[in-house]
Amino acid sequence: MSTVIQAIHIPAWEERTQPKPHVVYRIEIQASVRSWQMWRRYSEFADLHVELTKSTGAAPPAPLPPKHALALFRSNTNPALLEERRAGLEAYLRAILAARDDRWREAFAFRDFLGVPVGKQAAHDVGGPSQFTSSSWLDEHQDLQARVRDVRADINRRDALSDSNDISGSHQANVQAKKKLAGVLTRVGVLEEGLQTLAMAGLSEGELQRRRDMVARLRDDCEKLAKIVTVSRMTTRGIGSAAERNPASATDRDALMSPTGGMPGGFNRPVARVFGQAAQPRETEQTRPLDDHGLLQLQQTQMNQQDTQLAELTAILQRQKQLGLAIHEEVSQQIEDLDHLNDQVDRVGGKLTSAKRQLNRLGG
């Protein structure tokens, strides 16, 4: 969901008499930036359970506490039974929140039950214009960072499955990572558009610039992950180009990496201008499973990453320069104001001295 819910608690229950006697449970929801609470009856929990089961096709990971057999005899006023039900309802919501399968917590019924603000949902569920507040924007950014971590986890799982020769599982993990990444990219665009609304709402220029940088870093992470999920890292996956599926043999690779470079007669032809002693090429865990085409792509990816980091550093230095100039201008203005104040103090001091002399003459 768009708000990163970190914790759910049901600390207490309360008896109410209107419109008729009933019990409500106080649900405290803690998000990344703020928290809120909702009051829900047991019947609303039951409706939620039915709706989640119907919309997802499976029951939530924890059972809903059943109604007590003595409910007809007004056992809902028994504090021990109500406390037992409170603990069971809390465990029910926490199980949905902590489940590895996110289909229950992503369901609209669950978001609506917890009172997640509708404005953020409409921004990426319906595709309309983004309506963010300053805090909800930070919540959305926090959630997108969590989704990026999920994509990385899928990629790591893909690689682990590939190492164990599970080609089908590796492919499925790669497809899952692509789907999640596509959703993240869509929401990053919505998040970027939301800055325009916040700018018109009066968000300071410095804070806007900071959030633009946050979006830029998030988009950069997505682009890097897109390259990783597009080009398979391991060659045993069976996907990718023919060069990736048919790497060079160990003999050919050793001949290529040898000092003679595989040239007849042991002739060693330098491939580049070298200053000092030439370093021998070394295999690493990252380059070992790659062929020539994969090595070239890896080099291009690393160079692109370095260019991106350099661009980010340049932007940071430019902002630091602007801040320095602004501070210099402010200090100069303060110095000018102090000089003006000093002149006024001198004039007042002169007037006091003149008045003192006149008083002395009158007193003499």
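A brief structural summary. (Residues numbered from 1 in each chain as written. Predicted model: local features only at pLDDT ≥ 70, side-chain atom pairs only at ≥ 80, totals over all residues. Heavy atoms only, no water.)

**Points about the overall build of the protein**
Argument step 1. When you go through the protein residue by residue, the secondary structure sums to 10 helices and three strands.
Argument step 2. Tracing the protein from N to C terminus, the helices and strands come up as β-β-β-α-α-α-α-α-α-α-α-α-α.
Argument step 3. Burial analysis of the protein (364 residues in total) assigns 30% to the buried set.
Argument step 4. Considering only intrachain contacts with a sequence separation of at least 6, the fraction spanning at least 24 residues in the protein is 65%.
Argument step 5. As displayed, the protein offers around 22,900 Å² of accessible surface, 55% of which is attributable to carbon and sulfur atoms. (Helix = DSSP H or I, 4+ residues; strand = E, 2+ residues; numbered from the N terminus. Buried < 20%, exposed > 50% of the residue type's maximum accessible area, 1.4 Å probe, protein only. Contact = heavy atoms within 4.5 Å. Areas by Shrake-Rupley, 256 points an atom, 1.4 Å probe, with all protein chains shown as cover.)

**Observations concerning the environment of Tyr25**
Argument step 1. Structurally, the position occupied by Tyr25 is in strand S2 (residues 22-31).
Argument step 2. Between the C-alpha atoms of Tyr25 and Leu82, which are 57 residues apart in sequence, the distance is 9.5 Å.
Argument step 3. Those residues in contact with Tyr25, other than ones at most four positions away along the chain, are Ile10, Ala12, Trp13, Met38, Trp39, Arg40, Tyr42, Leu82, Arg85, Arg86 and Leu89.

**Let's talk about the packing of helix H7 (residues 205-230) against helix H10 (residues 292-363)**
Argument step 1. Where H7 meets H10, the closest approach of the two axes is 12 Å, and the angle between their N-to-C directions is 175°. In this view, H7 runs roughly antiparallel relative to H10, as classed from their interaxial angle. Note on element contacts: H10 touches H7 through Asn304, Gln305, Thr308, Glu312 and Arg319, opposite Gln209, Asp213, Arg217, Asp220, Lys224 and Lys227.
Argument step 2. The class makeup of the residues in the contact of H7 with H10 is no nonpolar, four polar and seven charged. (Axes fitted to C-alpha atoms, helices over the stretch in contact; angles between N-to-C directions. Parallel < 35°, antiparallel > 145°, perpendicular 65-115°, else oblique. Nonpolar A, V, L, I, M, F, W, Y, C, P; charged D, E, K, R; others polar.)

**Details of the side chain of Arg40**
Argument step 1. Its location among the elements puts Arg40 in strand S3 (residues 35-41).
Argument step 2. Residue Arg40 is classed as buried on the basis of its relative accessible area of 14%.
Argument step 3. In terms of polar contacts, Arg40 uses its side chain to reach the backbone carbonyl oxygen of Asp112, at 3.3 Å.
Argument step 4. Aside from chain neighbours lying at most four places away, what touches Arg40 is Val24, Tyr25, Ile27, Phe45, Asp112 and Phe113. (Polar contact = N/O pair within 3.5 Å; in protein donor to acceptor, adjacent residues only side chain to side chain.)

**Notes on the packing of aromatic side chains**
Argument step 1. Throughout the structure, instances matching the rule amount to one aromatic pair.
Argument step 2. Plain terms: the ring middles of Phe45 and Phe113 are 4.9 Å apart, the flat faces sit at 70° to each other, and that makes the pair edge-to-face. Taken together, the residues span a long stretch of sequence, with Phe45 in helix H1 (residues 42-56) and Phe113 in helix H3 (residues 108-114) at a distance of 68 residues.
Argument step 3. The side chain of Arg16 reaches across the aromatic face of Trp39, ending 4.8 Å from its centre.
Argument step 4. A cation over an aromatic ring shows up here: Arg85 above the ring of Tyr42, its NZ or CZ 4.0 Å from the ring centre. (Phe/Tyr/Trp six-rings, centres within 6.5 Å; stacked < 30°, edge-to-face > 60°. Lys NZ or Arg CZ within 6 Å of the ring centre and 35° of its normal.)

**Some words on the nonpolar core**
Argument step 1. Formed by 31 residues in total, the largest nonpolar core has its most connected members in Ile27, Leu52, Leu93 and Leu114.
Argument step 2. A total of six residues in this core trace back to one element, the largest contributor, which is helix H2 (residues 79-98).
Argument step 3. With residues up to four places along the chain from it excluded, the contact list for Ile27 reads Ile8, His9, Ile10, Trp36, Gln37, Met38, Arg40, Phe45, Leu93, Phe113 and Leu114.
Argument step 4. Core analysis: the next-biggest nonpolar cluster, separate from the first, contains 21 residues, Phe132, Val148, Leu191 and Val229 among them. (Core = buried A, V, L, I, M, F, W, Y, C linked by side-chain atoms within 4.5 Å.)

**Notes on the pattern of salt bridges**
Argument step 1. In the structure shown here, the tally under the stated rule is 20 salt bridges.
Argument step 2. A salt bridge links Asp143 to Arg187, with the shortest nitrogen-to-oxygen separation between them at 2.5 Å. Taken together, the positions of Asp143 in helix H5 (residues 134-163) and Arg187 in helix H6 (residues 167-200) put the pair 44 residues apart, joining distant regions of the chain. Across the pair, Arg187 and Asp143 agree in class, each one buried.
Argument step 3. For the salt bridge of Arg212 with Glu205, the shortest nitrogen-to-oxygen distance reads 3.5 Å.
Argument step 4. The class of Arg212 is partly exposed, set by a relative accessible area of 36%.
Argument step 5. Because the salt bridges share partners, they merge into one network encompassing Glu83, Arg86, Glu90 and Arg94. (Salt bridge = Lys/Arg side-chain N within 4 Å of Asp/Glu carboxyl O.)

**Re the pairing of S2**
Regular strands show a simple pattern: their side chains alternate between the two faces of the sheet.
Argument step 1. Counting buried positions along S2 yields eight of 10 residues, so the element is predominantly enclosed.
Argument step 2. As paired elements, strand S1 (residues 5-16) and S2 share nine bridges and run antiparallel to each other. By the bridge assignment for S2, Glu14 is matched with Val24.
Argument step 3. Counted along the chain from S1 to the antiparallel partner S2, the turn is five residues long. (Pairing = 2+ DSSP bridges.)

**Quick word on the sheet that holds S2**
Argument step 1. The three strands are arranged S1-S2-S3 in an open sheet whose pairing can be described as antiparallel. The open sheet is flanked by S1 and S3, the only strands paired with a single partner. Ignoring strand direction, the axes of neighbouring strands in this sheet form an average angle of 20°.
Argument step 2. Relative to S3, S2 runs antiparallel, the two sharing seven bridges. Bridge pairing in S3 links Arg26 to Trp39.

**As for a negative patch on the surface**
Argument step 1. Judged by side-chain charge, Glu329, Glu330, Glu336, Asp337, Asp339, Asp343 and Asp346 come together as a negatively charged surface patch.
Argument step 2. Inspection of the secondary structure assignment puts Glu336 in helix H10.
Argument step 3. According to the relative accessible area criterion, Glu336 is partly exposed, its value standing at 49%. (Patch = residues over 30% accessible without salt bridge, like charges linked within 9 Å, V, L, I, M, F, W, Y side chains within 5 Å. Lys, Arg positive; Asp, Glu negative; His and termini not counted. Charge placed at Lys NZ, Arg CZ, Asp CG, Glu CD.)

**Some words on unusual backbone geometry**
Argument step 1. Pro19 follows Gln18 through a cis peptide bond whose omega is 0°.
Argument step 2. Checked against the element boundaries, Pro19 lands in the loop between S1 and S2.
Argument step 3. Phi angles above zero are rare outside glycine, and Asn165 is one such case at about 65°.
Argument step 4. Secondary-structure assignment places Asn165 in the loop between H5 and H6.
Argument step 5. Taking relative accessible area as the criterion, Asn165 reaches 57% and is therefore assigned exposed.

Geometric descriptors of this kind do not, in isolation, establish any biological role.
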